[in-house]
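Spelled out from the first residue to the last, the chains are:
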Amino acid sequence: MANYKALYQEVILDHNKKPRNYGTLAHSSHHAVGHNPLCGDHISVALNFDRECIDCIAFQGESCAICKASASMMTVAIKGKSRADAEILIKEFLAMTTGKLDLESPNCIGRLAVFAGVCDLPTRVKCAILPWHTLHAAFNSVASTSTEADPMHTSIDRQRVVPPLPQSNP
Amino acid sequence: MNAVHTAVNPCSSSAFDVERIRADFPILQLTINGKPLVYLDNAASSQMPQPVIDRLVRYQASEHANINRAVYTLSEIATTEYEAARRKLQCFINAPEEREVIFTSGTTDAINLVMHGYGRKFIKVGDEIILTTLEHHSNIVPWQMLAEETGAKIRVVPINDAGELLIDEYENLFNEHTKLVGVMHVSNALGTINPVKQMIAFAHSHGVPVLVDGAQAVPHLQVDVQDLDCDFYAFSGHKLCGPTGIGVLYGKAALLEKMQPFKGGGDMILSVTFEKTTYNTIPHKFEAGTPPIAAAIGLGAAVDYLLAIGMDAIAAHELDLLNYATEQMAGMSGVRIIGTAKNKASVISFTVDGVHPHDVGTLLNQDGVALRTGHHCAQPVMQRFKVPATSRASFAFYNTLAEVDALIAGIRSVQKVFA
């Protein structure tokens, strides 16, 4: 039997309380807002590439602990990565939270494995993946996305492509 | 906590034996995550007692056939039982006539019936529909669709900080363009019991009919549509210990007869040629196709069950639960009750400081406590209180004071995790 309390472990509670990279960026090359209409939660993700690598990334929004910790740990994991490496991590995170990743085989998940338990909570999977969904949208210059855009999260590319929003100040 | 529980427990008398009632509900014997199920999401859907389950089984096992068509015995039995259920629902809400009780698939379907049958026929460009901030999306969206289609306008009655309608503002919204009022009897999100009788009398003084969304009222209150004098009253079976997929629209016969059908098909006609179709009389005009026969008969059995306990006894027990839970929560630091109307049904919406409702819900589930978290299909209410969502405990007559204690203990443990 899944112990849901196990999900609320120290590292997740810590990132919820003290989110890393929380806020907005003065200059960003990519930006998107993600919504979870089931609970009304929303977060925005902004990032900037320095040549091939993501040199800064920030998020902010209203969300539950699972979503906020996921966003915070995502920004930590993504910073400094190339877009290709970040895309691999997005795929692995989505696979893990939907129970489709074998954590025993080689992967890049690292500390993000604390979210593995969320796959036992189907109603909370969307909380954990919203930041990743939003990051993916930002990469693809989709200004706004939703967890309901593709309920199975199998192909999160089917978004209407719109130009990135101008950066607003906090 | 147990001492308090014993001291305030007025329900141990023989008049209302909650443990005997609980024994009728198989699902209440379940354990969830190793803990006894504490089911506090009754405003979303209530549980079904064994006599209703038995009635559904008996119907399917020995009475089922399509109704209103054939001359053989089974079809006659099914038709008789379906119509008997209609009479039970008629008595339950004290409707003057059987034909004023239309079976629908639920409250949403019933409201959509009024929108299509009444609204599309009688509401035109420039007309106004009065709704309230408290409404469930099911009593907002159909009217927005109508407004978009016809060019009618929606006017909204505001609420105060307690979650009560501002009746002066309501009365000020009336003018010569007002064509319909839609108001919920009891708020699903906050529990507020609205003064619908007074509101209906005022609307009638302006010649305006009133649709009451009674989904949250019928499980808790003795509803008398003649006393209210409402023109339409909609409710669902599954919040009333009945099956899903069944509900009722009560409408005054004179209005129902003027309305156009909502759905076309079999059973709602007297004769059909390709040149002209003559519609059936009410209620059949609004019951196109094979209805949910088993569900209607099951709802009839649910109403029998509730009436055997007594709606007054149900209301009294639920009020004890509400008062006890309110008192306990009011004493907890970091817990804010949203919706503090003087007149409330057994619903408590609340927030826990620093904890998102979905985290509250997931952690309480670990303790076997089932409650609703989210916007409760009432986003305008959430916006009014400037919260994205709340946690909501909603009590039924089969809940106990010990279950309130389990809820309170669960909230304390959530606060500990997030401390």
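Residues numbered from 1 in each chain as written. Chains lettered and ligands numbered in written order. Predicted model: local features only at pLDDT ≥ 70, side-chain atom pairs only at ≥ 80, totals over all residues.

### Considerations on the overall build of chain A
Counting secondary structure elements, chain A contains five helices and four strands. Looking at chain A as a whole, 41% of its 170 residues qualify as buried. Taking contacts inside chain A between residues at least 6 apart in sequence as the whole, the part at least 24 apart equals 58%. (Helix = DSSP H or I, 4+ residues; strand = E, 2+ residues; numbered from the N terminus. Buried ≥ 20, exposed ≤ 12 C-beta atoms within 10 Å, placed from the backbone. Contact = placed C-beta atoms within 7 Å.)

### Overview of the overall build of chain B
When helices and strands are counted, chain B shows 15 helices and 17 strands. For chain B, the C-alpha radius of gyration of 22 Å lies close to 22 Å, the compact-globule estimate for 419 residues. Across its three principal axes, chain B shows a C-alpha extent of roughly 75 × 55 × 35 Å. The 419 residues of chain B split such that 49% are buried. (Rg over C-alpha atoms; globule rule 2.2 N^0.38 Å.)

### Details of the pairing of strand S6 (residues 153-157) of chain B
All names here are of chain B. Pairing between strand S5 (residues 128-132) and S6: five bridges, direction parallel. Paired with isoleucine 129 across the two strands is isoleucine 154, which belongs to S6. Once you follow S5 into helix H6 (residues 141-150) and on to S6, the crossover reads as right-handed. (Pairing = 2+ DSSP bridges. Right-handed = clockwise from strand over helix to strand, strands pointing away.)

### Structural notes on the interface of chain B and chain A
Contacts between the two partners involve 15 residues from chain B, matched on the other side by 16 residues from chain A. Here the side of chain B that touches chain A takes six residues from helix H13 (residues 357-366) of chain B, the largest share from any one element. Counted by class, the side of chain B that touches chain A contains five nonpolar, nine polar and one charged residues. (Nonpolar A, V, L, I, M, F, W, Y, C, P; charged D, E, K, R; others polar.)

### Focus: the domain arrangement of chain B
Residues and elements named next belong to chain B. Assigned domains within chain B: domain 1 (2-32 + 310-417) and domain 2 (53-308). For domain 1 and domain 2, the distance between their C-alpha centres works out to 29 Å. Counting from both sides, the interface comprises 24 residues of domain 1 and, opposite them, 23 residues of domain 2. For the side of domain 1 that touches domain 2, the elements supplying multiple residues, two or more each, are helix H12 (311-330), strand S14 (347-352) and helix H14 (379-384). The element contributing the most residues to the side of domain 1 that touches domain 2 is H12, with five residues. Among the residues making up the side of domain 1 that touches domain 2, the classes are represented as 13 nonpolar, seven polar and four charged. (Domains from an automatic or database assignment.)

### So, unusual backbone geometry
The amide bond that connects Ile282(B) to the next residue, Pro283(B), takes the cis arrangement and shows omega of 5°. Along the polypeptide, Pro283(B) turns up in the loop between strand S12 (277-279) and helix H11 (293-309). Phi is positive for Arg51(A), which is not a glycine, with a value near 55°. Classification of Arg51(A) as exposed rests on a count of 6 C-beta atoms within 10 Å. Although it is not a glycine, Asp267(B) adopts a positive phi angle of roughly 75°. Look at Asp267(B) and you get partly exposed, because 17 C-beta atoms sit within 10 Å.

### Quick word on the sheet that holds strand S3 (residues 53-62) of chain A
Residues and elements named next belong to chain A. Pairing in this open sheet of four strands is mixed, and the strands run S3-S2-S1-S4 from one edge to the other. Looking at strand neighbours, the two that pair on one side only are S3 and strand S4 (144-146), the edges of this open sheet. Shown here is a sheet whose adjacent strand axes are inclined to one another by a mean of 20°, direction ignored. Across the sheet, helix H3 (residues 65-78) touches strand S2 (41-50) and S3, and the angle it forms with S3 is around 170°. (Axes fitted to C-alpha atoms, helices over the stretch in contact; angles between N-to-C directions.)

### Observations concerning the environment of Asp55(A)
Residues and elements named next belong to chain A. Turning to its location among the elements, aspartate 55 is positioned in strand S3. For aspartate 55, a count of 13 C-beta atoms within 10 Å puts it in the partly exposed group. For the pair formed by aspartate 55 and glycine 80, sequence separation is 25 residues and the distance between their alpha carbons is 5.5 Å. Beyond its immediate chain neighbours, meaning those up to four positions away, aspartate 55 contacts Asn48, Phe49 and Asp50.

### Let's talk about helix H15 (residues 401-417) of chain B
Between the first and last C-alpha of H15(B) there are 25 Å, a value that for 17 residues agrees with the 24 Å anticipated at 1.5 Å per step. Residues of H15(B) that are buried: Leu401(B), Glu403(B), Val404(B), Ala406(B), Leu407(B), Gly410(B), Ile411(B) and Val414(B). (Expected span 1.5 Å × (residues − 1).)

### A short note on the pairing of S2(A)
All names here are of chain A. Burial runs high along S2: seven of the ten residues are buried. Hairpin connection between strand S1 (residues 30-36) and S2: a loop of four residues separates the two successive antiparallel strands, and glycine 40 in this loop has a positive phi of roughly 85°. When S2 meets S3, the two strands line up antiparallel, connected through nine bridges. The residue bridging asparagine 48 from the neighbouring strand is cysteine 56, located in S3. Between the end of S2 and the start of S3, which pair antiparallel, lie two residues, with arginine 51 showing a positive phi angle near 55°.

### A short note on the environment of Thr290(B)
All names here are of chain B. On the secondary structure map, threonine 290 appears in the loop between S12 and H11. Residue classification places threonine 290 among the partly exposed positions, given that 13 C-beta atoms sit within 10 Å. Between the C-alpha atoms of threonine 290 and valine 218, which are 72 residues apart in sequence, the distance is 26 Å.

### Some remarks on the sheet that holds S14(B)
Residues and elements named next belong to chain B. As summarised here, the arrangement of the four strands in space is S13-S14-S17-S16, forming an open sheet in which the pairing is antiparallel. Across the chains shown, the open sheet's two edge strands, defined by having one partner strand only, are strand S13 (335-338) and strand S16 (372-374). The mean inter-strand angle of the sheet, taken between neighbouring strand axes irrespective of direction, is 30°. The sheet contact formed by S14 and strand S17 (residues 390-394) spans four bridges and is antiparallel. Following the sheet pairing, phenylalanine 350 is matched in S17 by serine 391.

### Looking at the confidence of the model for chain A
On average, residues of chain A carry a pLDDT of 84, and 84% of them reach 70 or more. When pLDDT is averaged over each element of chain A, H3(A) comes out on top at 96 and helix H1 (residues 4-7) of chain A at the bottom at 68. (pLDDT = per-residue confidence, 0-100.)

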